[in-house]
Amino acid sequence: RASNNNIRVYGVDELEGECNLRYATRMGREVLDAGGKALRVGVTTDEIDRVIHEASMERECYPSPLNYYNFPKSVCTSVNEVICHGIPDYRE
């Protein structure tokens, strides 16, 4: 039985430099910011997905939801105040 009682402490070499933890989190933040800028009344979740996908590709990042258990899109999203996430589509 696996035990996960230890908290991993990352070293400087794992945190700094291109393609390390801080770089990855910065790329994630930039992609989320790009998606946030696309939000407005009337925008479809398909459009948000397109923006997220393109922002990921521009940064040579792979959008984690894409193909996860056959999920067909780059972002999980929902319309208005819907609590569960869904597959982006044409609805506003």
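Before any of the text, the structure's been laid out above.
The sections below set out a description of the structure shown in this document. Just so you know, these numbers come straight off a predicted model, no measurement behind them. (Residues numbered from 1 in each chain as written. Predicted model: local features only at pLDDT ≥ 70, side-chain atom pairs only at ≥ 80, totals over all residues. Heavy atoms only, no water.)

1. Quick look at the environment of Ser 64
Rule in force here: Numbered from the N terminus, helices here are DSSP runs of H or I no shorter than four residues, and strands are runs of E no shorter than two.
In this fold, Ser 64 is placed in the segment after helix H3 (45–58). Distance in space between the C-alpha atoms of Ser 64 and Ser 74 is 7.0 Å, their sequence separation being 10 residues.

2. What to know about the pattern of salt bridges
Here is the rule: Salt bridge criterion: a side-chain nitrogen from Lys or Arg within 4 Å of a carboxyl oxygen from Asp or Glu. Exposure categories follow from relative accessible area, calculated using a 1.4 Å probe and restricted to protein chains: below 20% of the type maximum is buried, above 50% is exposed, and the middle band is partly exposed.
For the coordinates displayed, the defined rule picks out six salt bridges. A salt bridge links Arg 59 to Glu 30; the nearest nitrogen and oxygen atoms lie 2.8 Å apart. Remark: Glu 30 occurs in helix H2 (residues 21–37) and Arg 59 occurs in the segment after H3; sequence separation between them is 29 residues. With a relative accessible area of 21%, Arg 59 lands in the partly exposed category. The class for Glu 30 is partly exposed, based on a relative accessible area of 30%. Residue Lys 73 is joined to Asp 46 by a salt bridge in which the shortest nitrogen-to-oxygen separation is 2.8 Å. With Lys 73 in the segment after H3 and Asp 46 in helix H3, the pair connects residues that are 27 residues apart, well separated along the chain. Each of the salt bridges in this network shares a partner with another, and the network as a whole consists of Glu 30, Glu 58 and Arg 59.

3. Details of H2
The following threshold applies: Expected span of a helix: the number of residues minus one, times 1.5 Å. What the arc measures is the spread of directions leading from the helix axis to the C-beta atoms. Only heavy atoms matter for contacts: two residues are in contact if any of them lie within 4.5 Å across the pair.
Taking 1.5 Å of rise per residue, the 17 residues of H2 would be expected to cover 24 Å, and the 25 Å separating its terminal C-alpha atoms lies within 8% of that figure. Along H2, the residues that are buried comprise Met 27, Val 31 and Gly 35. Buried residues of H2, seen end-on, are gathered within an arc of 80 degrees and therefore sit on one face of the element. Opposite the buried face of H2, at more than 90 degrees from it, the exposed residues are Leu 32 and Lys 37. As for H2, its buried residues are in contact with H3.

4. Some details on the packing of H2 against H3
Which entries qualify depends on this criterion: Helix axes are fitted only over the stretch in contact, all axes being lines through C-alpha atoms; the angle between N-to-C directions runs from 0 to 180 degrees. What sets the label is the angle itself: under 35 degrees gives roughly parallel, over 145 gives roughly antiparallel, 65 to 115 gives roughly perpendicular, and the rest give oblique. Crossings are assigned a handedness: left-handed for a near helix turned anticlockwise from the far helix by less than a right angle, right-handed for a clockwise turn.
Where H2 contacts H3, the axes come no closer than 9 Å and their chain directions differ by 150 degrees. Relative to H3, the element H2 lies roughly antiparallel. Here H2 runs over H3; the crossing is right-handed. For the pair H2 and H3, contact is made by Val 31, Ala 34 and Gly 35 and by Val 51, Ile 52, Ala 55 and Ser 56, respectively.

5. Focus on the packing of aromatic side chains
Defined as follows: The criterion for an aromatic pair is that two Phe, Tyr or Trp rings (for Trp, the six-membered ring) have centres within 6.5 Å, with stacked assigned to planes under 30 degrees apart, edge-to-face to planes over 60 apart and tilted to the rest.
For the structure on display, the rule yields one aromatic pair. Ring geometry for Tyr 68 and Tyr 69: centres 4.8 Å apart, planes at 85 degrees, overall edge-to-face. Accessibility assignment for this pair places Tyr 68 and Tyr 69 in one class, exposed.

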